[in-house]
Every structure is written in structure tokens, then in C-alpha cells.
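Structure at a glance
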Amino acid sequence: QVQLVESGGGLVQAGGSLRLSCAASGRTSTASAMGWFRQAPGKEREFLAAISWGDRIYTKHSVNVRFIISRDLTKNTVCLQMNSLYLEDTAVYYCAAGLRTRIPSREAKEYDYWGQGTQVTVSS
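Residues numbered from 1 in each chain as written. Predicted model: local features only at pLDDT ≥ 70, side-chain atom pairs only at ≥ 80, totals over all residues. Heavy atoms only, no water.

Some points on the environment of Gly26
Definition in use: Secondary structure elements follow DSSP: runs of H or I no shorter than four residues count as helices, runs of E no shorter than two count as strands, and numbering proceeds from the N terminus.
Structurally, Gly26 can be placed in strand β3 (residues 18-26). With 23 residues separating them in the primary sequence, Gly26 and Gln3 have C-alpha atoms 6.0 Å apart.

This is the structure:
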């Protein structure tokens, strides 16, 4: 079992920045990849970025200039730095852990554990 807890969400003005953190506990050594997704009201869950062992990173093209994923193995945390936020970045942001994938997959089905999500609201 792997438990994931996201933090760092909140209300921010357009153009601002937020740093989301995902604290992992439990059998974290079994997690081979960690990812960030988001889901806006009425929309499907959307992949944002992922990092796997060896610090291989894959970031969705549409956000790769503004969003940066990183990991601190000593703290069992994965972060998502989000800059130049737009109104359309408003969503619930989820952290996910995959036990089977060896690559930073963008497919939600490759992830076995999910956090409860943290709300990000971007205002004008």
C-alpha cells in the first residue's frame, strides 16, 4: 500500500505560481513512477507530468514551459511547480503512484494509487 497526500493548492491570481507537494508513505520503495494529473469540472482527468526511477521525466507538451515536476527521495515527496497560471488551470490536482510502469507514463491506468486531490483555483 502507498498513501499519497497532496498539499499546496489554493487560490491564486492569474499569472501567479503555486507549488504542489505530494507526500508518499507506506511501501514507497515499490512505486516506480509518480505522476500529476488534474480534473476540471465537467472534464476528463488530464495528465500533466510524471517522473520515474532514474529521474526520467515526461511533461505534457501544453504545460511543459510552465509546469515542472521534481522529486525528493529523502523526503518521499514529489512536487509540481506551476508558473504563469491561467484561469483554465483551475482544477483539482491529483498525485498518483505507479508500481508497474518503469517509464513516466501519461496513462492514468498505469497508476495504482491516488491522492485525494488538492483544489487549485486561478482567479482573474
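Comments concerning the state of the cysteines
Quick reminder of the rule: Only a pair of cysteine sulfur atoms within 2.5 Å qualifies as a disulfide here.
In the structure shown here, the tally under the stated rule is one disulfide. Residue pairing for Cys22: its cysteine sulfur links by disulfide to Cys95, the two sulfurs lying 2.0 Å apart. Between Cys22 and Cys95 the sulfur-sulfur dihedral comes to about -75°; the bridge is accordingly left-handed. Linking Cys22 in strand β3 with Cys95 in strand β9 (residues 91-98), this pair joins segments that are 73 residues apart in sequence.

Focus on the nonpolar core
Put simply, the rule reads: The term nonpolar core refers to a set of buried residues drawn from Ala, Val, Leu, Ile, Met, Phe, Trp, Tyr and Cys, joined through side-chain atoms within 4.5 Å. We call a residue buried when its accessible area falls under 20% of the maximum for its residue type, exposed when it is over 50%, and partly exposed in between, using a 1.4 Å probe and counting protein chains only. We call two residues contacting when some pair of their heavy atoms lies within 4.5 Å.
Core analysis: the largest hydrophobic core is formed by 28 residues, its most contacted members being Leu4, Met34, Trp36, Phe67, Leu80, Met82 and Tyr93. Of all the elements in the fold, those that place two or more residues in this core are β1 (2-7), β3, β4 (33-39), β5 (46-52), β7 (67-72), β8 (77-82), β9 and β11 (118-123). Those residues within four positions of Phe67 in sequence are excluded, and the remaining contacts are Arg38, Leu48, Thr59, Leu80, Gln81, Met82, Asn83, Leu85, Asp89 and Tyr93. Within the second largest apolar cluster, six residues are counted, among which are Ala33, Phe47, Ala50 and Tyr111.

Let's talk about the environment of Ile69
Locating Ile69 in the fold gives a position in strand β7. Considering only alpha carbons, one finds Ile69 and Ile57, twelve residues apart in sequence, at a separation of 7.7 Å. In contact with Ile69, other than residues within four places in its own chain, are Met34, Trp36, Ala49, Ala50, Ile51, Ile57, Val78, Cys79 and Leu80.

Here's the deal with the packing of aromatic side chains
Aromatic rings considered in pairs are described by the distance between their centres and by the relative angle of their planes. Rule in force here: Between rings of Phe, Tyr and Trp, where Trp is taken as its six-membered ring, a pair exists when centres lie within 6.5 Å; planes separated by under 30 degrees are stacked, by over 60 edge-to-face, and by other angles tilted.
Under the criterion given, the structure shown has five aromatic pairs. Measuring from centroid to centroid gives 5.4 Å for Phe37 and Tyr111, while their planes differ by 80°, and the two rings are edge-to-face. Residue Phe37 is located in strand β4, and its partner Tyr111 is located in the loop between β9 and β10 (113-114); the two are separated by 74 residues in the primary sequence. What makes Tyr111 buried here is its relative accessible area of 5%. Here the aromatic rings of Phe37 and Trp114 are separated by 4.9 Å at their centres, their planes lie at 55°, and the arrangement is tilted.

Points about unusual backbone geometry
Excluding glycine, residues mostly carry a negative phi; peptide bonds, for their part, are mostly trans. Located in the positive-phi region is Asn76, a residue other than glycine, with phi close to 55°. Along the chain, Asn76 falls in the loop between β7 and β8. A relative accessible area of 33% places Asn76 in the partly exposed class. Look at Ser84: it is not a glycine, yet its phi comes out positive at around 50°. Examined against the element boundaries, Ser84 turns out to sit in the loop between β8 and β9.

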